[in-house]
Amino acid sequence: MNLLRKQKQNEVINDETDNEFEKLPRTDRPTYWLTRFMILRLLGLVYAIAFLVAINQIIPLIGSHGLTPIGIYLKNVSAALGSNGAGFVRLPSIFWFWHSDSALLAGAWIGFLISCVVVAGFANAPILTVLWFLYMSFVHLGQEWYGYGWEIQLTETGFLAIFLCPLIDMRPFPKREAPIAIIVLFRWLIFRIMVGSGLIKLRGDEIWRNGTALYYHFETQPIPGPLSRWFHFLPHIVLKVGVWFNWLAELIAPLFIFWPRVGRHIAGVVIISLQIVLILSGNLSFLNWLTIIPALACFDDGFWSKILPRFLVNRYKVAAERVEPSKAMTVTAWVVTFIIGFLSFRPIANMLSPGQIMNTSFDPFDLVNTYGAFGTVGKERLNVIFEGTMDNDSSDKANWKPYVYKGLPVTLDQVSPQIAPYQLRLDWQMWFASMSTPDEYPWTLNLIYKLLHNDHDAISLFATNPFHDKPPKYIRAVLYRYSFAKPGNAQGFWWDRERVGIWLPPMSADDAGLVGFLKSSGWIK
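Residues numbered from 1 in each chain as written. Predicted model: local features only at pLDDT ≥ 70, side-chain atom pairs only at ≥ 80, totals over all residues. Heavy atoms only, no water.

### Overview of the overall build of the chain
Counting its secondary structure elements, the chain contains 22 helices and 6 strands. By the compact-globule yardstick of 24 Å for 525 residues, the chain fits well, its C-alpha radius of gyration being 26 Å. The buried share of the chain, taken over its 525 residues, is 54%. Taking contacts inside the chain between residues at least 6 apart in sequence as the whole, the part at least 24 apart equals 76%. Of the charged side chains in the chain, 45 are positive and 39 negative, and the gap between their average positions amounts to 5 Å. (Helix = DSSP H or I, 4+ residues; strand = E, 2+ residues; numbered from the N terminus. Rg over C-alpha atoms; globule rule 2.2 N^0.38 Å. Buried < 20%, exposed > 50% of the residue type's maximum accessible area, 1.4 Å probe, protein only. Contact = heavy atoms within 4.5 Å. Lys, Arg positive; Asp, Glu negative; His and termini not counted. Charge placed at Lys NZ, Arg CZ, Asp CG, Glu CD.)

### Looking at empty space enclosed by the protein
One pass over the full model with this rule turns up 3 cavities of 30 Å³ or more. Counted as a void, the largest cavity has a volume near 50 Å³. Considering the residues around the largest cavity, the lining is formed by Arg-36, Leu-40, Arg-41, Gly-121, Ala-123, Cys-165, Pro-166, Met-170, Arg-171, Pro-172 and Pro-174. In this structure, the second largest cavity spans a volume of roughly 40 Å³. Lining the second largest cavity we find Gln-57, Lys-406, Leu-424, Arg-425, Leu-426, Asp-427 and Leu-461. Top element by residues in the lining of the second largest cavity is helix α19 (residues 425-433). It accounts for 3 residues. Grouping the constituent residues of the lining of the second largest cavity by class yields 3 nonpolar, 1 polar and 3 charged. (1 Å grid on protein atoms, 1.4 Å probe; cavity = no way out; pocket = protein on both sides within 12 Å on 5 of 7 lines; lining within 4 Å. Points joined across faces, edges and corners; volume = space filled by probe spheres on them. Nonpolar A, V, L, I, M, F, W, Y, C, P; charged D, E, K, R; others polar.)

### A short note on the nonpolar core
Of all hydrophobic cores here, the largest spans 150 residues; its most connected members are Leu-128 and Phe-386. With 18 residues, helix α2 (residues 33-62) is the largest single contributor of residues to this core. Other than its neighbours up to four places away in sequence, Phe-386 contacts Lys-401, Pro-402, Tyr-403, Tyr-405, Met-430, Thr-444, Leu-447, Ile-448, Leu-451, Phe-462, Arg-476 and Ala-477. Counting 12 residues, the second-largest nonpolar core is a separate cluster that includes Ala-213, Phe-218, Leu-234 and Val-377. (Core = buried A, V, L, I, M, F, W, Y, C linked by side-chain atoms within 4.5 Å.)

### Digging into the packing of α2 against helix α5 (residues 101-119)
Running from amino to carboxyl end, α2 crosses α5 at an angle of 165 degrees, the nearest separation of the two axes being 8 Å. Taken together, α2 and α5 sit at an angle that is classed as roughly antiparallel. In this structure, the crossing between α2 and α5 has a hand that is left-handed. Looking at the contact of α2 with α5 residue by residue, the class counts come to 18 nonpolar, 4 polar and 2 charged. (Axes fitted to C-alpha atoms, helices over the stretch in contact; angles between N-to-C directions. Parallel < 35°, antiparallel > 145°, perpendicular 65-115°, else oblique. Left-handed = near helix turned anticlockwise from the far one by under 90°.)

### Comments concerning the sheet that holds strand β4 (residues 401-402)
What the 4 strands build is an open sheet, ordered β4-β3-β5-β6; its pairing is antiparallel. The open sheet has two free edges, formed respectively by β4 and β6 (495-507), since each of these has just one partner strand. Pairing between strand β3 (residues 381-389) and β4: 2 bridges, direction antiparallel. Within β4, the residue paired with Glu-387 across the bridge is Pro-402. Sheet strands touched by helix α20 (residues 443-451): β3, β5 (474-484) and β6. Its angle to β6, the strand with the most contacts, is close to 85 degrees. (Pairing = 2+ DSSP bridges.)

### Overview of the pattern of salt bridges
Under the counting rule described, the total for this entry stands at 15 salt bridges. Of the charged contacts in the structure, one is a salt bridge between Glu-151 and Arg-425, with a shortest N-O distance of 2.8 Å. Of this pair, Glu-151 sits in helix α7 (residues 149-162) while Arg-425 sits in helix α19, and the two are 274 residues apart along the sequence. Judged by relative accessible area, Glu-151 falls into the buried class, the value being 0%. Ionic contacts of the salt-bridge type, sharing partners, join the residues Glu-387, Asp-396, Arg-476 and Arg-499 into one network. (Salt bridge = Lys/Arg side-chain N within 4 Å of Asp/Glu carboxyl O.)

### So, the side chain of His-140
Mapping His-140 onto the fold places it in helix α6 (residues 125-141). Assessed through its relative accessible area of 8%, His-140 is described here as buried. Within polar-contact distance, the side chain of His-140 engages the backbone oxygen of Pro-92 at 2.7 Å. Side chain to side chain, His-140 and Asp-366 meet in a polar contact 2.9 Å long. Apart from the residues within four sequence positions on either side, His-140 is in contact with Tyr-73, Leu-91, Pro-92, Pro-364 and Asp-366. (Polar contact = N/O pair within 3.5 Å; in protein donor to acceptor, adjacent residues only side chain to side chain.)

Take a look at the structure:
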């Protein structure tokens, strides 16, 4: 009886609580408590992944003995600009002051741990400022390894997020409301991302304009995923519909981002739907996850209240009832809006220009950038494979064994793995390199030299080391053409391939030309 009486009392209390929430003052002005909550949680996750990538790869890539050491890069930039101070002004980074391997790892670990705090629900302006500047420090001095559009997109997104939060209060639902001006700036960001990407495709490649781009994209994209082959063999009419949906998401939906709420909600759903399809169909690093973040600003609390768990909705309602306006936050938000508006002129001019460029920043802090992706789509998949042999013979007759990448295809039975939102930076650079010449990627010679010495850091960038006990006598790089094998083939292959030619000739550890080049570049002494 006591148990039943207690249960009835709880039900009455819950009913009264629910009634109190229903009595909360209603207003036609949309609020963004839940929107801020969703933006910051997803941003924290993307930051955590980005810093985790740095933890695992930054030393082999730009460490003191990496493929492109940061110390050499800093000296070159300083010499070109006249001083370290001028270098810092042009490429702001904490690593101008301390760039040892320990410093790089410390920066990555600090960023990862703080990101986890944000994922857990705790964030304020100083925390997000540290994350923004720390990641920007890697981007500015990460050289080609950090030369992707999503790197500056993360710095711009992270900068805006600073001003969503109170200065001190770290709670998921603080007493300060999210400034509407910053929410609008997030919408401005997703507008530029989508329209910039759409226009670069429209101007860049005939196969986008005639609707056949997806006949090739899933096979030739940088790192295919486990579903990429399935997408590739869809009927051509379905792939053409996919191109039309891409146009809808990148050129039509953004026009409704600044409309009243119904238009904004539809636009946000369309844009996020495209990102989900891209997440499923390939391994585009954390780009698509990051692009979803500003798209969340299309939705207000009325939308989120219908789909999020009740306990979160209740917490937002309590915070909304206890809200305390902050003049400082409002003024700061409008100052930031003015700065972003002023810095937007060049990106807008670029977007409207027939000579549009993509993924470029126009200010030292990457506050307002221009974006775009896959302006052209390749019709064939090329891949450079590093191969080594223990034989004294360096001809084709030798027993050559491949270094298997973690993401790029090598063996024919290798199923495309799910990597994203994690990024394999060597694999991405080798995708670009396969469409170029070794002269444009001189660090590949440094990579070969390290593999000839079984360098632990360099080998960690690959999935396997075919020469565990003793380094090979020769290493070469061979260019292959890959294509998806048809499902159900007798051999059970995932890939077909044919050899195109030698990308880099066989080299040994004492090759005079190799050693001389590396010494002249400062990579070895």
